[in-house]
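Chain and residue survey
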Amino acid sequence: MDHSLAGSSSGLLDWVERVGLGVRHAVRALADVQTWAPLVMGQMRRLGVDSIPIALFIALFTGIVLALLSATLFIGAVPPYFVGALVGKTIMMELGPVLTGMALAGRVGANIAAEIGTMKVTEQVDALETLAYDPLSFLVVPRVVAGTLMFPVVTSLAMGFGVFSGWIAAINLLDLTSPEFFKGLRMFYEPRDIWFGLIKSASFGTAITLSGCLMGLKATGGAEGVGGVTMKAVVLGAMWILVLDAFWALVLL
Amino acid sequence: MIQFCDVRKKFDDQTVLDGFTLDIPDGKTTVIIGASGAGKSVALKHIVGLLTPDFGQVIVDGRDVDEMGRAELMDMRSRIGYVFQSAALFDSLTVEENILMGLNRRGLDRATIEDRVGWSLDMVELGVSADSMPSELSGGMQKRVGIARAIAVHPEYILYDEPTTGLDPVTAGVMNDLIAHIREEMGTASVVVTHDMRTAFSVGDRIAMLHQGRILLVDTADGFRQTTDPIARAFIEGRASGLDLSNLMTQQWQVPSTGAPGGSAT
């Protein structure tokens with residue numbers, strides 16, 4: 001009994017020590033602004049701007065499917081303008097951020113983990129250290145900052161495009177007019193719909209980029225090791241999206 | 001001066017360094033030889049704090065590396081050039097940008113930085129490749145860029161990790177001449193880790209043999225040539241008999257790269 005208590009407290013102390021060390025590393029890396037700040041713009045382009053096509057592609061089909069699905073559910077039961085309400089609410093609050101996040105967990109998370117993992121196993125991370133760079137400042141912080149800033153931008157474009165494609169689908173494929181669609185869209189719209197989605201997407205950006213970076217830095221061996229951490233980064237990023245999605249729903253709704 | 005004092009290091013259950021003690025004097029080239037997997041690169045990584053000893057001390061210019069704070073560690077690293085076995089060039093940067101990585105943090109003015117880049121590339125005879133990407137270069141050229149990156153900062157010590165491994169004999173000879181030339185030109189203390197006896201004899205002022213985790217023998221290059229130690233002789237002559245390789249042939253440990261949160265360097 002005493003032994004198990006001692007073991008538990010020792011494990012807890014180890015955990016606290018590791019968390020404390022991690023926080024200290026993170027604070028030190030964040031304070032090294034002159035290293036990471038010049039790299040943020042490049043990462044914003046790579047992780048954010050270059051991800052816009054895939055986000056729009058997903059939003060296009062999400063909007064179409066939602067319009068058709070809601071018509072199947074609503075028409076005959078409720079006024080047809082509810083199609084606009086469902087498309088708008090669902091895309092802005094849930095599907096826009098979550099589906100974009102999932103796509104970027106694959107694209108961005110895998111990209112980061114594979115890149116940093118390869119740097120790790122080819123001693124480029126060690127080379128950074130010997131050149132007196134902190135790898136956290138040079139590799140991790142610019143990516144996490146860029147992801148946190150750019151995910152809401154990409155998601156907002158996806159939201160807008162998803163609603164647009166839903167509207168086009170509604171007026172062309174369903175027996176719905178534009179005024180009806182926009183009546184439903186406006187009727188249930190609240191500003192919270194947008195900022196709720198954007199806050200979520202910012203947190204997804206942080207989680208996905210951080211998962212990719214930390215997994216990449218854990219790579220060992222060669223190609224197999226890099227492949228392993230890349231897969232883990234994508235899975236971890238996707239899991240974080242679901243956990244954070246539930247968290248924000250509990251906290252903000 | 002760099003000193004290893006009774007350094008011990010284990011990875012999992014495998015003891016790699018076991019009472020490793022060696023002094024690296026200023027202004028000379030010290031070569032550490034030993035079989036593959038003997039722990040030579042592990043020893044080298046201790047000097048710059050990429051690895052920390054489980055026991056013992058690594059002292060650089062009178063300071064225990066393990067006791068240095070982050071700022072002091074960074075300052076110490078900025079005085080040491082490290083040439084990696086794989087060159088470890090940043091593959092998303094050009095040759096020139098790779099060399100600039102070390103120089104950009106020195107607070108040097110633009111003209112001095114440009115001079116240093118030009119000088120270091122001239123030293124390794126790669127001036128025309130400044131705009132090339134590392135993937136466009138041969139293995140030997142990549143290693144020379146690695147050397148240029150290391151010497152551009154005018155270090156007080158240069159550490160070479162297996163500088164001729166994987167190179168053909170002619171290119172290896174060019175590398176050996178380059179290491180000797182840098183030593184003459186800069187007067188910098190160097191540590192060369194290698195299992196290539198040709199390299200050891202052509203660049204080393206002193207040769208130390210690492211065997212079973214500790215230094216078996218230290219001598220001048222001439223003294224080492226004439227050693228009667230059976231293990232050293234077996235290594236020099238490339239004979240398996242006389243060397244206990246069982247420990248090396250089964251080694252499963254891998255030198256952990258640091259640089260991650262919780263890396264041993266910090």
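In this text the structure is predicted, and so the values were computed from the model without any measurement.

The rules behind each value
Residues numbered from 1 in each chain as written. Chains lettered and ligands numbered in written order. Predicted model: local features only at pLDDT ≥ 70, side-chain atom pairs only at ≥ 80, totals over all residues. Helix = DSSP H or I, 4+ residues; strand = E, 2+ residues; numbered from the N terminus. Buried ≥ 20, exposed ≤ 12 C-beta atoms within 10 Å, placed from the backbone. Contact = placed C-beta atoms within 7 Å. Pairing = 2+ DSSP bridges. Nonpolar A, V, L, I, M, F, W, Y, C, P; charged D, E, K, R; others polar. Axes fitted to C-alpha atoms, helices over the stretch in contact; angles between N-to-C directions. Parallel < 35°, antiparallel > 145°, perpendicular 65-115°, else oblique. Left-handed = near helix turned anticlockwise from the far one by under 90°.

**Considerations on the overall build of chain A**
- For chain A, the count of helices and strands is nine helices and zero strands.
- Shown N-terminal to C-terminal, the secondary structure of chain A runs as helices and strands in the order α-α-α-α-α-α-α-α-α.
- With respect to the principal axes defined by its C-alpha atoms, chain A has extents near 65 × 50 × 35 Å.
- Across the 253 residues in chain A, those meeting the buried criterion constitute 49%.
- Sequence separation of at least 24 residues holds for 88% of the intrachain contacts in chain A that already meet a minimum separation of 6.

**Comments concerning the sheet that holds strand 1 (residues 2-11) of chain B**
Residue and element names in this part refer to chain B.
- Overall, antiparallel pairing links the four strands, which are arranged 2-1-4-5 in an open sheet. Single-partner strands in this sheet number two, and they are strand 2 (14-24) and strand 5 (63-64).
- The pairing of strand 4 (residues 55-60) with strand 5 spans two bridges and is classified as antiparallel. Each residue of the ladder has a partner; that of Val60, found in strand 5, is Arg63.

**A short note on the interface of chain A and chain B**
- In this assembly, 23 residues from chain A lie in contact with 22 residues from chain B.
- Broken down by secondary-structure element, the contributors of at least two residues to the side of chain A that touches chain B are helix 1 (2-31), helix 5 (124-130) and helix 6 (135-173) of chain A.
- Looking at the side of chain A that touches chain B, the element that brings in the most residues is helix 5 of chain A, giving seven residues.
- Broken down by class, the residue content of the side of chain A that touches chain B amounts to nine nonpolar, seven polar and seven charged.

**Regarding the packing of helix 8 (residues 191-217) of chain A against helix 9 (residues 223-252) of chain A**
Residue and element names in this part refer to chain A.
- Put simply, helix 8 and helix 9 touch, their axes get as near as 8 Å, and they point 150° apart. Between helix 8 and helix 9, the crossing angle belongs to the class labelled roughly antiparallel. Of the two elements, helix 8 crosses helix 9, and the hand of that crossing is right-handed. For the pair helix 8 and helix 9, the contacting residues are Phe196, Ile199, Lys200, Ser203, Phe204, Ala207, Ile208, Ser211, Gly212, Met215 and Gly216 in the first and Val229, Lys232, Ala233, Leu236, Gly237, Trp240, Ile241, Leu244, Asp245, Trp248 and Leu252 in the second.
- For the contact of helix 8 with helix 9, the per-class residue count stands at 14 nonpolar, five polar and three charged.

**A short note on the pairing of strand 1 of chain B**
All names here are of chain B.
- Relative to strand 2, strand 1 runs antiparallel, the two sharing eight bridges. Pairing of Gln3 across the sheet is with Asp23, part of strand 2.
- Two successive antiparallel strands, strand 1 and strand 2, enclose a turn made up of two residues, where Asp12 displays a positive phi of approximately 55°.
- Where strand 1 and strand 4 come together, five bridges link them in antiparallel fashion. From the neighbouring strand, Phe4 faces strand 4, where its bridge partner is Val58.

**Concerning the sheet that holds strand 10 (residues 214-220) of chain B**
Residue and element names in this part refer to chain B.
- The strand order across the open sheet formed by six strands is 6-7-8-3-9-10, and the pairing between neighbours is mixed. Each edge of the open sheet is held by one strand with a lone partner, namely strand 6 (80-83) and strand 10. Within this sheet the neighbouring strands show an average axis-to-axis angle of 15°, counted without direction.
- Pairing analysis gives six bridges linking strand 9 (residues 206-211) to strand 10, with the strands arranged antiparallel. What sits directly across from Leu210, in strand 10, is Ile215.

**Quick notes on the packing of helix 3 (residues 95-103) of chain B against helix 5 (residues 139-151) of chain B**
Residues and elements named next belong to chain B.
- Contact geometry for helix 3 and helix 5: axes closest at 8 Å, N-to-C directions at 30°. Between helix 3 and helix 5, the crossing angle belongs to the class labelled roughly parallel. Crossing geometry of helix 3 relative to helix 5 is assigned as right-handed. Taking contact as the criterion, the partners of Val95, Asn98, Ile99 and Gly102 in helix 3 are, on helix 5, Val145, Ala148 and Arg149.
- Grouping the amino acids of the contact of helix 3 with helix 5 by side-chain chemistry returns four nonpolar, two polar and one charged.

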